[in-house]
Amino acid sequence: MNNRRRVYLARHGEVSYFEPGQEPGDHDPALNEAGVAQAKALGQLLVEAPIDLAVCTGLRRTQQTARLALGSRSLPIGVIEGLSEAKTGSFEDIDNFEDMETLFTRAFDNAQDPDARFLTGESYAALWDRVAAAWAGLVSRSDWTCAFVACHGVVNRTILAQALGAGPEIFRRIEQDPGCLNVLDINGEGSNARVDYVRLMNFTPYNATKAGMLETTLETLWRQFTGD
């Protein structure tokens, strides 16, 4: 008998992280108009999926994405804080425009280095460990067969890299567009549960062919930061 379970792993819909020139900080932005539409598109795609567990990271953008993606389902939305997005740091010591641009747009280039950090903040090594622990906690549970997880771009990259047997060096090659969906099948029970297959990655139901989507998410973040 096939005992595989399924995870629909989504990145939250689009948000406006900051006004031009403002540091991201620890604020908790809501979905913008485009992000709401993207989350609704997830809901239309998943309308017949037999989802029996829904979780987010507790931040508003993932709570909203999960609720809109669930549609008419009355499922409660749990919170797994260990899957929260990589924490950014301060930019006050970077006064060169070119260095700042590189920091944003090439943030994943050396993610495998032991001391590498995401936008001067959380180290990729610490991120790797906390995401692995939180993900293991989710898949080891026995109270679901089909889960929807509303998460974040860098965290999704981490989950997918681990599922593919790779390391942080692959982050820059795994894109996670706003409102995208990944499909992962889980095999095993308890502490032996793990991803068996990655069936879908970075599918955007609101734009299946990626028409016009030529920027990476970090390039978009840089454009927002500079106001271009």
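Here we summarise the structure given alongside this text.

Calculation criteria
Residues numbered from 1 in each chain as written. Predicted model: local features only at pLDDT ≥ 70, side-chain atom pairs only at ≥ 80, totals over all residues. Heavy atoms only, no water. Helix = DSSP H or I, 4+ residues; strand = E, 2+ residues; numbered from the N terminus. Rg over C-alpha atoms; globule rule 2.2 N^0.38 Å. Buried < 20%, exposed > 50% of the residue type's maximum accessible area, 1.4 Å probe, protein only. Contact = heavy atoms within 4.5 Å. Arc of directions from axis to C-beta. Axes fitted to C-alpha atoms, helices over the stretch in contact; angles between N-to-C directions. Parallel < 35°, antiparallel > 145°, perpendicular 65-115°, else oblique. Nonpolar A, V, L, I, M, F, W, Y, C, P; charged D, E, K, R; others polar. Phe/Tyr/Trp six-rings, centres within 6.5 Å; stacked < 30°, edge-to-face > 60°. Salt bridge = Lys/Arg side-chain N within 4 Å of Asp/Glu carboxyl O. Pairing = 2+ DSSP bridges.

**Structural notes on the overall build of the protein chain**
- Each helix and strand counted, the protein chain has six helices and six strands in total.
- Along the protein chain, helices (α) and strands (β) appear in the sequence β-α-β-α-β-α-α-β-α-β-β-α when read from the amino end.
- Since a compact globule built from 228 residues should have a radius of gyration of about 17 Å, the 17 Å found for the protein chain is in line with a globular shape.
- Overall, the C-alpha framework of the protein chain stretches about 60 × 40 × 30 Å when taken along its three principal axes.
- In the protein chain, which comprises 228 residues, the proportion classed as buried is 47%.
- Sequence-distant contacts, at least 24 apart, represent 73% of the contacts inside the protein chain between residues at least 6 apart.

**Observations concerning the side chain of Ser-123**
- Looking at the element boundaries, Ser-123 is found in the loop between α3 (97-105) and α4 (124-139).
- The buried category is assigned to Ser-123, whose relative accessible area is 13%.
- Among residues more than four places away in sequence, those in contact with Ser-123 are Ala-116 and Arg-117.

**Brief notes about helix α2 (residues 60-70)**
- Of all the positions in α2, only Arg-61, Thr-62, Thr-65, Ala-66, Ala-69 and Leu-70 are classed as buried. Take α2 and look down its axis: the buried residues cluster within an arc of 155°, on one side only.
- Lining the buried residues of α2 we find β1 (5-11), α1 (33-45), β2 (53-56), β3 (77-79) and β4 (146-151).

**A closer look at the packing of α3 against helix α6 (residues 217-226)**
- Packing of α3 against α6 leaves a shortest axis separation of 8 Å and a crossing angle of 140°. Accordingly, the angle class assigned to the pair α3 and α6 is oblique. The segment α3 lies against α6, with Phe-97, Met-100, Glu-101, Phe-104 and Thr-105 engaging Leu-218, Glu-219, Leu-221, Trp-222, Phe-225 and Thr-226.
- Looking at the contact of α3 with α6 residue by residue, the class counts come to seven nonpolar, two polar and two charged.

**A word on the packing of aromatic side chains**
- What the rule picks out here adds up to twelve aromatic pairs.
- Measuring from ring centre to ring centre gives 6.1 Å for Phe-91 and Phe-225, while their planes differ by 85°; the resulting arrangement is edge-to-face. Of the two residues, Phe-91 is situated in the loop between β3 and α3 and Phe-225 in helix α6; the sequence distance between them amounts to 134 residues.
- Judged by centre distance (5.9 Å) and plane angle (25°), the rings of Trp-222 and Phe-225 are stacked. Residue Trp-222 and its partner Phe-225 are both found in helix α6; the two are separated by three residues, about one turn of the helix.

**A few points about the pattern of salt bridges**
- Here the structure, examined in full by the defined rule, presents eleven salt bridges.
- One salt bridge connects Glu-175 with Arg-157, and the closest N-O pair in it is separated by 3.1 Å. Taken together, the residues Glu-175 in the loop between α5 (153-163) and β5 (181-187) and Arg-157 in helix α5 connect sequence positions 18 residues apart.
- The class for Arg-157 is buried, based on a relative accessible area of 3%.
- Through salt bridges with shared partners, a single ionic network connects Arg-6, Asp-185 and Arg-199.

**So, the pairing of β4**
- Buried residues dominate β4, accounting for six of its six residues.
- Burial along β4 is two-sided: the residues Cys-146, Phe-148 and Ala-150 and Ala-147, Val-149 and Cys-151 are all buried.
- Where β1 lies against β4, six bridges are found, and the strand directions are parallel. Directly across from Tyr-8, in β4, lies its bridge partner Phe-148.

**As for the environment of Glu-33**
- Assignment of secondary structure puts Glu-33 in helix α1.
- A sequence separation of 18 residues divides Glu-33 from Val-15, and the C-alpha atoms of the two residues are 8.4 Å apart.

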